[in-house]
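Below are the chains, spelled out letter by letter.
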Amino acid sequence: RVLWMHLIKEEEEVEDQEDTEDAEDPEEVFTEEEVKALAEEFFEEEPSTPVPPKTTKQKQKKTKQASTKESSNDTLATLRKVLEDEEAKEGIYFLLQELGKFLRMLAPKKCRYQGEFYTGDPALTGEITGFIATIPWLQPRKGNYILPDFSKEDFYLFGTIGIAGYIQMYRIVGMGIRIFFHKNVRKLYAYFKDNN
């Protein structure tokens, strides 16, 4: 096979050399009639109706794709720089700590629930009751309970739930002040502001 491919390549090279030799002598390539025909085709009058230019939708799509790739590359480069900077890491860690404190502050302090249910099938009702029994914070205590009711015939779900808690405004204000005046958070904000 290698020999066969080698022979074909040599034949193509020989033909290419012959074509280039023929092209060097213009008298052998074109006759007078062919030259006249080519000249008439070349100097024909343009059609009276203008040809509409090609739409630029494909160009716009390409530029949009290129811009989105560049912007994604810029954001990735910015994130890499931020994660390499120790002060920026400390700022992010501080923000995550404050977010955790805020979520703990929003958590309800008291929760009351009472409920009864029946699915219409005693076996399924028993399975759901067994699953509820495995969850520690749904165990019956202090007036909270979820009980199955096998005396009904159709599906039903009845219950009440109450959640109580409080938020102290001075803690939220203090959190905002701590975040605002933390030096690493300010540097992180300035870094993102400079890099848009």
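Residues numbered from 1 in each chain as written. Predicted model: local features only at pLDDT ≥ 70, side-chain atom pairs only at ≥ 80, totals over all residues. Heavy atoms only, no water.

**Student:** What is the right way to read the packing of helix H5 (residues 86-106) against helix H7 (residues 169-181) from this model?
**Tutor:** The packing of two helices is summarised by the inter-axis angle and the distance between the axes. Between H5 and H7, the least distance of the axes is 11 Å, while the angle of their chain directions is 175°. As judged from the angle between their axes, H5 and H7 are roughly antiparallel. Every residue of H7 that contacts H5 at Phe 94, Leu 95, Glu 98, Lys 101, Phe 102 and Met 105 is listed here: Arg 171, Ile 172, Met 175, Arg 178 and Ile 179. Classifying every residue of the contact of H5 with H7 by side-chain character gives seven nonpolar, no polar and four charged. (Axes fitted to C-alpha atoms, helices over the stretch in contact; angles between N-to-C directions. Helix = DSSP H or I, 4+ residues; strand = E, 2+ residues; numbered from the N terminus. Parallel < 35°, antiparallel > 145°, perpendicular 65-115°, else oblique. Contact = heavy atoms within 4.5 Å. Nonpolar A, V, L, I, M, F, W, Y, C, P; charged D, E, K, R; others polar.)

**Student:** How should I be thinking about the packing of H5 against helix H8 (residues 183-194) in this particular structure?
**Tutor:** The contact between H5 and H8 brings their axes to 8 Å, and the two run at 110°. Here H8 runs roughly perpendicular to H5, going by the angle between their axes. Two secondary-structure elements touch here, H5 through Glu 87, Ala 88, Glu 90, Gly 91, Ile 92, Phe 94 and Leu 95 and H8 through Asn 184, Val 185, Lys 187 and Leu 188. Grouping the amino acids of the contact of H5 with H8 by side-chain chemistry returns six nonpolar, two polar and three charged.

**Student:** For this particular structure, what's the right way to read the pattern of salt bridges?
**Tutor:** Side chains that differ in charge, positive against negative, can pair when their charged atoms come close. Evaluation of the coordinates by the stated rule reveals four salt bridges. With a closest N to O distance of 3.6 Å, Glu 98 and Lys 101 form a salt bridge. Of this pair, Glu 98 and Lys 101 are both found in helix H5, three residues apart, which corresponds to roughly one turn of the helix. Sharing partners across several salt bridges, the network here consists of Glu 98, Lys 101 and Arg 178. (Salt bridge = Lys/Arg side-chain N within 4 Å of Asp/Glu carboxyl O.)

**Student:** Any chance you could explain the side chain of Asn 144 here in plain terms?
**Tutor:** Looking at where Asn 144 falls in the secondary structure, it is placed in the loop between helix H6 (122-133) and strand E2 (145-148). Judged by relative accessible area, which is 11%, Asn 144 ranks as buried. Each residue touching Asn 144, except ones within four places of it in the same chain, is listed here: Cys 111, Arg 112, Tyr 113 and Gln 139. (Buried < 20%, exposed > 50% of the residue type's maximum accessible area, 1.4 Å probe, protein only.)

**Student:** Which parts of the structure should I look at to understand the pairing of strand E1 (residues 110-118)?
**Tutor:** On a regular strand, each side chain points to the face opposite its neighbour's, so the side chains alternate between the two faces of the sheet. Looking at chain direction, E1 and strand E3 (residues 156-164) are connected through nine bridges and run antiparallel. The residue of E3 that forms the bridge with Arg 112 is Gly 162. As defined by bridge partners, E1 adjoins E2 across four bridges and the pair is classed as parallel. Following the sheet pairing, Gln 114 is matched in E2 by Tyr 145. What joins E1 to E2 is H6, and the crossover it makes is right-handed. (Pairing = 2+ DSSP bridges. Right-handed = clockwise from strand over helix to strand, strands pointing away.)

**Student:** In this structure, what is going on with H8? I would like to understand it.
**Tutor:** Helical periodicity: at 3.6 residues per turn, an α-helix aligns residues three or four positions apart in one direction. Compared with an ideal rise of 1.5 Å per residue, which puts 12 residues at 16 Å, H8 spans 16 Å between its outermost C-alpha atoms and is within 8% of the ideal. Among the residues making up H8, those that are buried are Asn 184, Val 185 and Leu 188. For H8, the angular spread of buried residues about the axis comes to 100°, placing them on one side. Along H8, the residues that are exposed and aim more than 90 degrees away from the buried face are Lys 183, Tyr 189, Lys 193 and Asp 194. (Expected span 1.5 Å × (residues − 1). Arc of directions from axis to C-beta.)

**Student:** For this particular structure, what's the right way to read unusual backbone geometry?
**Tutor:** Trans is the prevailing form of peptide bonds, just as negative phi is the prevailing case for residues other than glycine. If you check the backbone angles, Lys 142 has positive phi at about 50° while not being a glycine. Residue position: Lys 142 is located in the loop between H6 and E2. Relative accessible area serves as the criterion here: at 72%, Lys 142 is assigned to the exposed category.

**Student:** I would appreciate a short explanation of the nonpolar core in the present structure.
**Tutor:** Among soluble globular proteins, nonpolar side chains are generally buried collectively. Counting residues in hydrophobic clusters, the biggest one holds five residues: Tyr 113, Phe 117, Ile 132, Ile 135 and Leu 138. If sequence neighbours within four positions are ignored, Leu 138 has contacts with Tyr 113, Ile 132 and Ile 146. (Core = buried A, V, L, I, M, F, W, Y, C linked by side-chain atoms within 4.5 Å.)

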